[in-house]
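Each chain, written out:
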Amino acid sequence: MKKILKTIGILLTLFILGIGIYWFLRKDIRYQSVYLVPSDAAMILKMENPFETIDVLTSSDVWEFLKQNKDIAELNQQVLTIDSLVHDNKLLLRLLGSADLLMSYHPVDPAHYDMLFIATIKPSKSIPVFLKRINKILGDGYTISSRVYKESTVYELLDRLNAEYYYFTIVKNKLLFSMNHQLVEKSIDEQNRMTIGRDLHYIDVAKHVDQKGLLALYIPVQEFTHWLHPFVKNKSLVGQLNNMMHYAGANLLFIDGKNPAIRLKATLNDTSRSLYTQMIQCGQSQLTSLEIIPSRCATFVNIGMEDFQRFYQETRSLLSHEDQDQIAEYRELLNKKFDISIEKNLLSWIGDEITLMQTAPSNLGSYNEFAFVIKANNAEKARENLHYITNQIKKNSPAGFNSIDYRGYQIHYLSFGRLIKLLFGNLLEKLDKPYFTQINEYVIFSNHPQTLKNTIDDHLSQSTLAYNPEYYNFAGNFKNTSNIFIYLNTPVFYNNLQTIVSSQTWQNMQPQRKYITSFSQVGISMRSKRDMLDIEIVSNFVPQYEKQEPIYYQSIARPKPKPQPDTALFSQADAREKYDLSFLNEIVIHDLDANKQEVFYENDVLKYEFRLKDGLKHGMFKAYYENGNIQIKGRLNNGAPVNTWKFYDQDGNMIHEKEFD
């Protein structure tokens, strides 16, 4: 009985205290602007103090640089005009003051979206005066009329010069404004529904979003993906985003007054079965593969996890029945034909980190280099099992493995490409019959052996991100562990786009080059905590006032790449200076299983041909001019020139002979 009375006493005390707090604070209790946002919003942008925020944004280093862009310059002038209009009118300034401004983006028909603005204004008897004086404030080019919609007076402002209407009204000390009357009316309808403001997912995100940023962006993911859908070719990605999370909220701020950062929180969808959700929910780890990732890296995606076997099982469960049947068939084939166990020979040594990376083209011509790095939990165990796998497939498959030694590292060719699909499904569908090597505890796969050679070169010369001070200074903006970490070296990544986008798109991008590449490094960190996803996006801002070549952040230990000839292997005038045949080392072997390789000019004339043995250039080598005449011929022994080599001019006349041991 005493416990019950004590509980009632505590409840009464809390009730009386709550009443007191209410009466003390009631003057500051406000109706939230988000309550008036119609439920079909695709995006909601909020500024606590819009005029102060605009001042900070327009005075930042980033904005000062971007103003060189014509479109940004025009926007800047419009912002300054509005700012001047408000500050020059004491009545407007008194009404708007330092109150918050909310902007939301809504569909107005199947193909178009429009904006709704909601500004908190100070309770004032001056509001009717303001409405009467609006023509005087804006000038003679405007006329104003009004009508009543559900007990609210909607004002219609006509810009006679541009023949455009603007609509506004006042609801609960909120000024509603839009160029579409339907949005103003839908906002009036929403005042008692409060759909978004009462959504539990919105509330979860809103209470985590840091209000100390310059502005906050809220994204109702389902509505946002409807807007995004027409702009994305891969519709499945849009669907996965929709299934992955309910709501997202972000803040924009500047680090050290210069570098922009976005802090984003999102509520995860517990019922989602997407690959990305499973990656996020499989734990976190530190990024350690930096000693493998070259400084000339354009971008990499690092996936951390606590247990790869769990990751493997989770991702397998997401596959279609057809893919699962195919993988079951691969497993049986590996087991019965090659005596290879997925669990024992593969899963047992894979550690807590995998990384996908793309680098700038080097001696692969214009082709971007792609590689996939797996961190082993035990380097020797990985080496033993990979050696076992190579031997088993070599004994039981006519294609088998060919291996070559490069600077002390073995490069192998995995003819059984389905092994990669067995492990990673569609995540690595581009790796068909890949090459691989191992550096310490890292196993690196690629579609091209030259990429692995370049990776070995970068590692040995310490031209990797592990020795890159610019990268380390930038990475200090992030926490040490993550579920997923994405990095872009923007100047290099931008240059790589030339081989991906159409020529017209590439030309259209050129005027914006310096503005894009000035955000020289971009990092995206994803970390999960229960049902929330914490995303940090930080950019390093380095203005590029003149058009520059891509920044590679190369170590001084890395030798400069040798220039590649445009057409012939070398011009006739330079021939006498190049009899050492050093260019042979830069010729890429496309297929280690082949016994011959031919390469052609763009006009389909044969450029050079040579024989192969065990993955090395071996036997007769011939190079040709674009007119089809012989340029060089000689023999190679395990990649090295031997015996007599002959050199010819473009008319087919021999101009030099050179003997090799």
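Quick caveat, the model's predicted, so the values are computed rather than measured.

Peer 1: Residue-level account of the overall build of the protein, with values.
Peer 2: A tally of helices and strands in the protein yields 21 helices and 28 strands. Counting across all 661 residues of the protein, residues that qualify as buried make up 48%. Considering only contacts in the protein between residues 6 or more positions apart, those separated by 24 or more positions represent 61%. Counting only carbon and sulfur atoms, one obtains 52% of the accessible surface of the protein, whose full area is about 34,400 Å².

Peer 1: I'd like to hear about the pattern of salt bridges, residue by residue, with values.
Peer 2: In a structure, side chains of opposite charge can pair up when their charged atoms sit close to one another. Considering all chains together, one arrives at 14 salt bridges under this definition. Glu-156 serves as the salt-bridge partner of Arg-147, at 2.6 Å between the closest nitrogen and oxygen. In this structure, Asp-204 engages Lys-207 in a salt bridge whose closest nitrogen and oxygen atoms are separated by 3.6 Å. Through salt bridges with shared partners, a single ionic network connects Arg-147, Glu-156 and Glu-185.

Peer 1: Describe the environment of Ser-348, listing the residues and the values that go with them.
Peer 2: One can find Ser-348 in the loop between helix H14 (342-347) and strand E13 (350-359). Residues Ser-348 and Ala-382, spaced 34 residues apart in sequence, show a C-alpha to C-alpha distance of 8.5 Å. When near neighbours in sequence (up to four residues on either side) are disregarded, Ser-348 contacts Glu-343, Asn-377, Lys-381 and Asn-385.

Peer 1: Account for helix H17 (residues 449-460), naming residues and giving values.
Peer 2: Taking 1.5 Å per residue as the helical rise, H17 with its 12 residues ought to reach 16 Å, and the 17 Å between its terminal C-alpha atoms agrees with that figure. Most of H17 sits out of view: 11 of its 12 residues are buried. Taken residue by residue, H17 has Pro-449, Gln-450, Thr-451, Leu-452, Lys-453, Asn-454, Thr-455, Ile-456, Asp-457, Asp-458 and His-459 as its buried positions. In the core, the buried residues of H17 are packed alongside E13, strand E14 (369-376), strand E15 (403-406), strand E16 (409-413), strand E17 (435-439) and strand E18 (442-446). Following H17 by one or two positions, Gln-462 has its phi on the positive side, about 60 degrees.

Peer 1: Describe the pairing of strand E22 (residues 532-541), listing the residues and the values that go with them.
Peer 2: Most of E22 is tucked away, with nine of its 10 residues classed as buried. Inspection of the sheet shows strand E21 (residues 519-529) paired to E22 by 10 bridges, in the antiparallel sense. Pairing of Ile-524 across the sheet is with Ile-537, part of E22.

Peer 1: Describe unusual backbone geometry, listing the residues and the values that go with them.
Peer 2: Negative phi is the rule for most residues except glycine; trans is the rule for most peptide bonds. A positive phi angle, close to 55 degrees, is found at Ala-163, a residue other than glycine. For Ala-163, a relative accessible area of 63% gives the class exposed. Positive phi, close to 60 degrees, is recorded for Asn-173, a residue that is not glycine. Its place among the elements puts Asn-173 in the loop between strand E6 (164-171) and strand E7 (174-178).

Peer 1: Can you tell me about the packing of aromatic side chains, naming the residues and giving the values?
Peer 2: All told, the structure shown has 25 aromatic pairs when counted by the stated rule. Ring geometry for Tyr-166 and Phe-177: centres 5.9 Å apart, planes at 15 degrees, overall stacked. In this pair, Tyr-166 is assigned in strand E6 and Phe-177 in strand E7, connecting sequence segments 11 residues apart. With a centroid separation of 5.8 Å and an interplanar angle of 35 degrees, the aromatic rings of Phe-621 and Trp-645 are classed as tilted. Placement of the pair is Phe-621 in strand E25 (residues 616-624) and Trp-645 in strand E27 (residues 640-648), with a sequence separation of 24 residues. For the pair Phe-621 and Trp-645, a shared accessibility class is recorded, and that class is buried. A connected cluster of aromatic rings, assembled from ring pairs, spans Phe-300, Tyr-471, Tyr-472, Phe-474, Phe-478, Phe-485 and Tyr-487. A cation over a ring is seen here: Lys-172 above Tyr-31, with NZ or CZ 5.2 Å from the ring centre.

Peer 1: Tell me about the side chain of Thr-120, and please be specific about residues and values.
Peer 2: The topology assignment puts Thr-120 in strand E3 (residues 112-120). Within the structure, Thr-120 has its side chain in polar contact with the side chain of Ser-33 (distance 3.4 Å). Among the polar contacts made by the side chain of Thr-120, one reaches the side chain of Lys-174 at a distance of 2.7 Å.

Peer 1: Describe the sheet that holds strand E24 (residues 606-613), with residues and values.
Peer 2: The strands that make up a sheet pair up through hydrogen bonds in the backbone, lying either parallel or antiparallel. In spatial order, the strands read E23-E24-E25-E26-E27-E28; together these six strands make up an open sheet with antiparallel pairing. Two strands bound the open sheet, and with one partner strand each, they are strand E23 (596-600) and strand E28 (654-660). Going across the sheet, the axis of each strand differs from the next one's by a mean of 10 degrees, ignoring polarity. Where strand E26 (residues 630-637) and E27 come together, five bridges link them in antiparallel fashion. Note that in E27 the partner of Asn-637 across the bridge is Ala-640.

Peer 1: Could you give me a rundown of the environment of Arg-331, with the residues and numbers involved?
Peer 2: Locating Arg-331 in the fold gives a position in helix H13 (residues 321-338). Residue classification places Arg-331 among the partly exposed positions, given a relative accessible area of 28%. Along the sequence, Arg-331 and Ile-342 sit 11 residues apart, while their C-alpha atoms lie 7.2 Å from each other.

Peer 1: Now, about the nonpolar core: what can you tell me, with residues and values included?
Peer 2: By size, the foremost hydrophobic cluster in this structure holds 28 residues, and its most contacted members are Phe-300 and Tyr-471. The set of elements that each furnish at least two residues to this core consists of strand E12 (297-304), E14, E16, E17, E18, H17, helix H18 (469-475) and strand E20 (484-489). The dominant element in this core, judged by the number of residues it contributes, is E16, at three residues. Ignoring any residue separated from it by four or fewer positions in sequence, one finds Tyr-471 in contact with Leu-287, Leu-290, Phe-300, Leu-465, Phe-485, Tyr-487 and Gln-521.

About the thresholds
- Residues numbered from 1 in each chain as written.
- Predicted model: local features only at pLDDT ≥ 70, side-chain atom pairs only at ≥ 80, totals over all residues.
- Heavy atoms only, no water.
- Helix = DSSP H or I, 4+ residues; strand = E, 2+ residues; numbered from the N terminus.
- Buried < 20%, exposed > 50% of the residue type's maximum accessible area, 1.4 Å probe, protein only.
- Contact = heavy atoms within 4.5 Å.
- Areas by Shrake-Rupley, 256 points an atom, 1.4 Å probe, with all protein chains shown as cover.
- Salt bridge = Lys/Arg side-chain N within 4 Å of Asp/Glu carboxyl O.
- Expected span 1.5 Å × (residues − 1).
- Pairing = 2+ DSSP bridges.
- Phe/Tyr/Trp six-rings, centres within 6.5 Å; stacked < 30°, edge-to-face > 60°.
- Lys NZ or Arg CZ within 6 Å of the ring centre and 35° of its normal.
- Polar contact = N/O pair within 3.5 Å; in protein donor to acceptor, adjacent residues only side chain to side chain.
- Axes fitted to C-alpha atoms, helices over the stretch in contact; angles between N-to-C directions.
- Core = buried A, V, L, I, M, F, W, Y, C linked by side-chain atoms within 4.5 Å.

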